[in-house]
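# Descriptive structure summary
Read off the chains here:
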Amino acid sequence: MAPRMQTGSGRLSQGLLLLWALLGTGLCHAGAEAEGFGQDTRTSPPVAVFNWTAQLVEETYTNITQKCWEVFVDLMRNVTASELCEWKVISRPYSLLQACLEGWADHLRYGYPNALAEQYIFQSHHRYFHNCTLEHQVYFDPPEDVLLAMIIAPICLIPFLVTLVIWRSKDGKAQP
């Protein structure tokens, strides 16, 4: 398991600090009406929320995702090079990055998955997990000629076996 990030000595976690900053600046209003645009594609364009323009939503989400990335990088500093491919060690930081990206996209009604979130996920894989290989052999389908032989052989044997059973059961005596 990954070592815990230090939060002692009066230092607020970056997530709480970001939430406090958003609430303190008035960016989060509980009573505001939401306006929305339809989401057509997999990586949807930003949606205006709380009377925000799409540009303001995108700018806010860009700033927040940068903070998500910084928290992830800070957590990954506690992981040694030999532990980078151990899911038990990296699952917490990786899951927190994904949850942060998805949670804020949902909160801002930005649409998830989106190009910016995918960029951070790809960046995490490129920076930290590019040398990870599977320990167990991955099984693939056999080549077509082998697969065809494995399918046709039993099909061809069935009529032969049926014929053999019928031929051997004929002994000339009537069966009651």
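For the structure, check the block above.
Read on for a plain summary of the structure.

Definitions and cut-offs
- Residue positions are given per chain, counting from 1 as you read along its sequence in written order.
- In keeping with the predicted nature of the model, local features appear solely for residues at pLDDT of at least 70, side-chain atom pairs appear and are counted solely at 80 or more, and the whole-chain, interface and lining totals rest on all residues.
- Calculated side-chain values reflect all of the structure's heavy atoms, with hydrogen atoms and water omitted.
- Strands here mean DSSP runs of E at least two residues long; helices mean DSSP runs of H or I at least four residues long; both are numbered from the N terminus.
- Computed with the Shrake-Rupley method and a 1.4 Å probe, the accessible areas treat only the protein chains shown as cover for residues.
- For this analysis, a nonpolar core means a set of buried residues of the types Ala, Val, Leu, Ile, Met, Phe, Trp, Tyr and Cys, connected via side-chain atoms within 4.5 Å.
- Relative accessible area decides the class of each residue, using a 1.4 Å probe on protein chains only: under 20% of the type maximum gives buried, over 50% gives exposed, and in between gives partly exposed.
- By definition in these notes, contact holds between two residues if any of their heavy atoms fall within 4.5 Å.
- Here the aromatic set is Phe, Tyr and Trp, taking the six-membered ring for Trp, and pairing holds for ring centres within 6.5 Å; pairs whose planes are under 30 degrees apart are stacked, those over 60 apart are edge-to-face, and all others are tilted.
- Pairing of N or O atoms within 3.5 Å defines a polar contact, subject to two protein rules: one partner must be a possible hydrogen donor and the other a possible acceptor, and residues neighboring in sequence count only if both atoms are side-chain atoms.
- The salt bridge definition used is simple: a Lys or Arg side-chain nitrogen within 4 Å of an Asp or Glu carboxyl oxygen.

Further remarks concern the overall build of the protein. Helix and strand counts for the protein stand at 5 helices and 0 strands. Along the protein, from the amino end to the carboxyl end, the secondary structure elements read α-α-α-α-α. As presented, the protein carries roughly 13,100 Å² of accessible surface, and 60% of it is formed by carbon and sulfur atoms.

Counting residues in each nonpolar core, the largest one holds 26 residues, and the members touching the most others are Tyr 61, Met 76, Leu 101 and Tyr 128. Mapped by element, the contributors of at least two residues to this core are helix H2 (54-76), helix H3 (87-108) and helix H4 (115-128). Contacts of Tyr 61, omitting those with residues within four sequence positions, involve Leu 101, Trp 104, Ala 105, Leu 108, Tyr 110, Tyr 112, Asn 114, Leu 116 and Ala 117.

Attention now goes to the packing of aromatic side chains. The final tally for this structure, using the stated rule, is 7 aromatic pairs. With 5.5 Å between their ring centres and 85 degrees between their planes, Phe 72 and Tyr 128 make a pair best called edge-to-face. Here Phe 72 is found in helix H2, whereas its partner Tyr 128 is found in helix H4, with 56 residues between them in sequence. Pairwise contacts between aromatic rings join Trp 69, Phe 72, Trp 87, Tyr 94, Tyr 120, Tyr 128 and Phe 129 into one cluster.

Checked against the element boundaries, His 130 lands in the loop between H4 and helix H5 (144-169). In the structure, His 130 is positioned 45 residues away from Cys 85 in sequence and 9.3 Å away in space, judged by C-alpha atoms. Among the polar contacts made by the side chain of His 130, one reaches the side chain of Asn 131 at a distance of 3.3 Å.

Note on placement: Thr 65 falls in helix H2. In this structure Thr 65 comes out as buried when scored by relative accessible area, which is 1%. Polar side-chain contacts of Thr 65 include one of 2.9 Å to the backbone oxygen of Thr 62. Once residues lying within four places of it in the same chain are set aside, the contact partners of Thr 65 are Leu 101, Leu 116 and Tyr 120.

The tally for this structure, following the rule as stated, stands at 2 salt bridges. We note a salt bridge from Lys 67 to Glu 70, for which the minimum N-O separation is 3.7 Å. On the criterion of helical spacing, the pair formed by Lys 67 and Glu 70 is a turn pair, its members being 3 residues apart in helix H2. The exposure class assigned to Glu 70 is partly exposed, which follows from its relative accessible area of 31%. For Arg 77, the salt bridge goes to Asp 74, with nearest N and O atoms at 3.2 Å.

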